[in-house]
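Topology and contacts: notes
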Amino acid sequence: MADAAVKEKPGTTAAEERELTDGFHLVIDALKLNGVKTIYGVPGIPITDFGRMAQASGLRVLSFRHEQNAGYAASIAGFLTKKPGVCLTVSAPGFLNGLTALAHATTNCFPMIQISGSSEREIVDLQQGDYEEMDQLAIAKPLCKAAFRVLHAADIGIGVARAIRAAVSGRPGGVYLDLPAKLFAQVMDAEAGRKSLVKVIDAAPAQIPAPAAVKRALDVLKSAKRPLIILGKGAAYAQADDAIRALVEKTGIPFLPMSMAKGLLPDTHPQCAGAARSTVLKDSDVVMLIGARLNWLLSHGKGKTWGEAPKKFIQIDIEPKEMDSNVEIVAPVVGDIGSCVQALLDGLGGSWPAAPADWTGAVAKKREENVAKMAPRLMNNNVPMDYHGALGVLRTIVKERPDAILVNEGANTLDLARGIIDVYQPRKRLDVGTWGIMGIGMGYAIAAAVETGKPVLAVEGDSAFGFSGMEIETICRYKLPVCVVIFNNDGIYRGTDVNPAGTDPATTVFVKGSRYDKMIEAFGGVGMNATSPDELKRAVNAAMDSGKPTLINAVIDPAAGSESGRIGNLNPQSKISKKS
Ligand SMILES: Cc1ncc(C[n+]2csc(CCOP(=O)(O)OP(=O)(O)O)c2C)c(N)n1
Ligand SMILES: [Mg+2]
């Protein structure tokens, strides 16, 4: 579909051109005025020229191969920067492709704005069959935090401002901004246009917790015999790293980081209870949640995981509705994480009693036992590789390169990497998040490299990689320092399943012995095949040293994984053993 190129209009003088502006330029000016620097998207009608003009104006416009990956990139850009990541899509199909990522951003509380071109309102509303006809605003609405449509060029400034504020204020989330094709070409007086722009002031205002709520929380915490702090990705998002560390260290309470909160304090910190997870969840008596929700990832705060003993929950969250979502919260502290943690710190005073030594000692003992049990498995040099041998190598590499960003998805590849690879700095581990979604890999890797300038190590199940694999061309095109390691076990969970009917391959297996490394060579990247932990170590170190786009095919024993990784218990079970 060839779009019109940007051309000077015949018959207009330069002076006349200067006095006018249009929808294209107003959207660009509004985004730039509000500090947007990067747009992630896929071009096409009606936003091709918009992308060109945005790029010409100095915005970075990164073109992807599929909108979902551009959307995931925008979502994680939002997480990393506390500013809305912007994803740009074409009408109907492009819009829908991006929408999964927008819903994902909302679920994970990442600020993101999907800006989508859309077809002509008059025709869409009469359902007369326009090019890519769809009532996009109506479809987006239930899947995001807010959705807006702008019909007049004079409203672009306010529309962009509303989108930004909705995305980042309170609990962050995804926002949809619908821009029909006609809007882009609408012309208005340039001076009036400039005046119509809105610079959002204090887009995410601090939300200070009530002193009484802080005191209540501290009283509960003080009464604890076996306290535990759980850090969620909300805590990582807050960028209140020093205050959080001070609170943990001053109280001496063991802490458990959720997956994307790993590294807020190093996993090797003496108070880290990551390797004693089941013990601390079961045996704690007071649990303080900081930016973590009691959803499925924490077994809803009840049941076997949490043990028999009565438990009191303190919860720090910006969203009041989060309180009592699953179990009673005896001390809700509502406010932004930074303000809440600072208020708690201030309230500790100079004589806060250290967490009881019998409890911290028991947790430390359990942790050391578990770490010691794991250690020999991580040092194996088996061929074919198992997950532990391969991850043992990556664990050492991340320890030596703590500023690299680790992107991780898969089932076994995810669950085992989460447990094995220690993280040392905040916001260095990016993964499947609340939904356990496959497909975030390459989009996250691209945005992580672009937004932070740091090297990226993406550890991917072979199935997980397939969801966004074409973006290795994007990685090569923009010459990003991304090393992708594919844990190739010939399939989903395992590569050993057999279809009892003997016809097609089993549903969970792929082509055996695939060489994913060959794919990146097609785009000028470096491909390597690794069959042993030693080979894997050499290959990853070479890639990280070079900073060149690299894809390493790590051959994993097809029999090594388990069904659904660590969450096989969530699979429904058929009670009927055989159906004829
Ligand atoms: C969007 C999406 N589709 C499907 C799934 C179901 N699913 C969970 S893990 C997984 C792939 C696991 O295989 P792989 O990435 O190869 O990891 P392995 O366990 O083999 O190491 C799939 C398809 C999902 N989580 N998200
Ligand atoms: Mg696999």
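Here's what I pulled together on the structure shown here.

**Section: the site of ligand 1**
In the neighbourhood of ligand 1, 16 residues make up the surrounding shell, with Y387, N412, T413, G436 and D462 lying closest. Separating a nitrogen atom of ligand 1 from a backbone N or O atom of G436 is a distance of 2.8 Å. At 3.0 Å from an oxygen atom of ligand 1 is found a main-chain nitrogen or oxygen belonging to A464. When ligand 1 sits alone it has 590 Å² of accessible area, and the protein chains cover 76% of it. Of all elements in the fold, only α18 (412-420) and α20 (462-466) reach the threshold of two or more residues within the shell around ligand 1. In terms of residues, the shell around ligand 1 owes the most to one element, α20, which gives three residues. Of the residues in the shell around ligand 1, the class split is seven nonpolar, eight polar and one charged.

**Considering the sheet that holds strand β16 (residues 456-461)**
Strand order in this open sheet of six strands is β15-β14-β16-β17-β19-β18, and the pairing throughout is parallel. Where the open sheet ends on each side, the last strands, each with one partner, are β15 (429-431) and β18 (526-530). Taken over all neighbouring pairs, the strand axes of this sheet differ in orientation by 15° on average, direction set aside. As defined by bridge partners, β18 adjoins strand β19 (residues 550-555) across five bridges and the pair is classed as parallel. Looking across to β19, one finds that M528 is bridged to I552.

**Here's the deal with the pairing of strand β3 (residues 60-63)**
Bridge count for strand β2 (residues 38-41) against β3 is four bridges, and the pairing is parallel. Its bridge partner lying in β3, I39 is registered against V61. Crossover handedness for the path β2 to helix α3 (residues 48-56) to β3: right-handed.

**Brief notes about the packing of aromatic side chains**
Under the criterion given, the structure shown has nine aromatic pairs. Aromatic side chains Y40 and F64 sit 6.0 Å apart centroid to centroid with 65° between the ring planes, which places their arrangement in the edge-to-face category. Placement of Y40 in strand β2 and of F64 in the loop between β3 and α4 (67-81) is noted, with a sequence separation of 24 residues between them. Note on accessibility: Y40 and F64 belong to one class, buried. Grouping aromatic residues by their ring pairs yields a cluster made of F24, F50 and F184.

**Some details on the coordination of the magnesium ion (ligand 2)**
Ideal coordination angles are 109.5 degrees for a metal with four donors arranged tetrahedrally and 90 or 180 degrees for a metal with six donors arranged octahedrally. Taken together, D462 (OD), N489 (OD1) and G491 (O) make up the full set of protein donors to the magnesium ion (ligand 2), lying 2.0 to 2.1 Å away. For the magnesium ion (ligand 2), the single-chain donor residues occur in sequence as D-x26-N-x1-G. Of this pair, D462 sits in helix α20 while N489 is found in the loop between β17 (482-488) and α22 (517-521), placing the two residues 27 residues apart along the sequence. Residue D462 is classed as buried on the basis of its relative accessible area of 3%. When its relative accessible area of 2% is taken as the criterion, N489 is described as buried.

**A closer look at empty space enclosed by the protein**
Within this structure, the stated rule accounts for one cavity of 30 Å³ or more. Here the largest cavity defines a volume of roughly 40 Å³. In terms of lining residues, the largest cavity is bounded by V398, P402, A404, L406, V423, Y424 and K428.

**Focus: the packing of helix α16 (residues 357-378) against helix α17 (residues 387-400)**
Running from N to C, α16 and α17 cross one another at 100°; their axes reach a closest spacing of 8 Å. It follows from the interaxial angle that α16 and α17 lie roughly perpendicular. Residues M374, R377 and L378 of α16 form the contact with α17, whose own contacting residues are H388, G389, G392 and R395. Residue composition of the contact of α16 with α17, by class: two nonpolar, three polar and two charged.

**A word on the pattern of salt bridges**
Within this structure, the stated rule accounts for 27 salt bridges. One salt bridge in this structure joins R65 and E473, with 3.0 Å as the shortest N-O distance. Of this pair, R65 sits in the loop between β3 and α4 while E473 is found in helix α21 (residues 472-477), placing the two residues 408 residues apart along the sequence. With a closest N to O distance of 3.3 Å, D422 and R395 form a salt bridge. Taken together, the residues span a long stretch of sequence, with D422 in the loop between α18 and β15 and R395 in helix α17 at a distance of 27 residues. One continuous salt-bridge network, built from bridges that share partners, spans R121, D125, D135, R149 and D178.

**Some remarks on a nonpolar patch on the surface**
A grouping of W296, I567 and L570 is seen on the molecular surface, where their side chains present a nonpolar patch of about 270 Å² in accessible area. Examined against the element boundaries, I567 turns out to sit in the segment after β19. A residue is classified by how much of its surface remains accessible, and I567, at 36% relative accessible area, is partly exposed.

Here is what the cut-offs are and how they apply
- Residues numbered from 1 in each chain as written.
- Chains lettered and ligands numbered in written order.
- Predicted model: local features only at pLDDT ≥ 70, side-chain atom pairs only at ≥ 80, totals over all residues.
- Heavy atoms only, no water.
- Near = heavy atom within 4 Å.
- Polar contact = N/O pair within 3.5 Å; in protein donor to acceptor, adjacent residues only side chain to side chain.
- Areas by Shrake-Rupley, 256 points an atom, 1.4 Å probe, with all protein chains shown as cover.
- Helix = DSSP H or I, 4+ residues; strand = E, 2+ residues; numbered from the N terminus.
- Nonpolar A, V, L, I, M, F, W, Y, C, P; charged D, E, K, R; others polar.
- Pairing = 2+ DSSP bridges.
- Axes fitted to C-alpha atoms, helices over the stretch in contact; angles between N-to-C directions.
- Right-handed = clockwise from strand over helix to strand, strands pointing away.
- Phe/Tyr/Trp six-rings, centres within 6.5 Å; stacked < 30°, edge-to-face > 60°.
- Buried < 20%, exposed > 50% of the residue type's maximum accessible area, 1.4 Å probe, protein only.
- Donors = N, O, S within 2.8 Å, 3.2 Å for Na, K, Ca; no water.
- 1 Å grid on protein atoms, 1.4 Å probe; cavity = no way out; pocket = protein on both sides within 12 Å on 5 of 7 lines; lining within 4 Å.
- Points joined across faces, edges and corners; volume = space filled by probe spheres on them.
- Parallel < 35°, antiparallel > 145°, perpendicular 65-115°, else oblique.
- Contact = heavy atoms within 4.5 Å.
- Salt bridge = Lys/Arg side-chain N within 4 Å of Asp/Glu carboxyl O.
- Patch = residues over 30% accessible without salt bridge, like charges linked within 9 Å, V, L, I, M, F, W, Y side chains within 5 Å.

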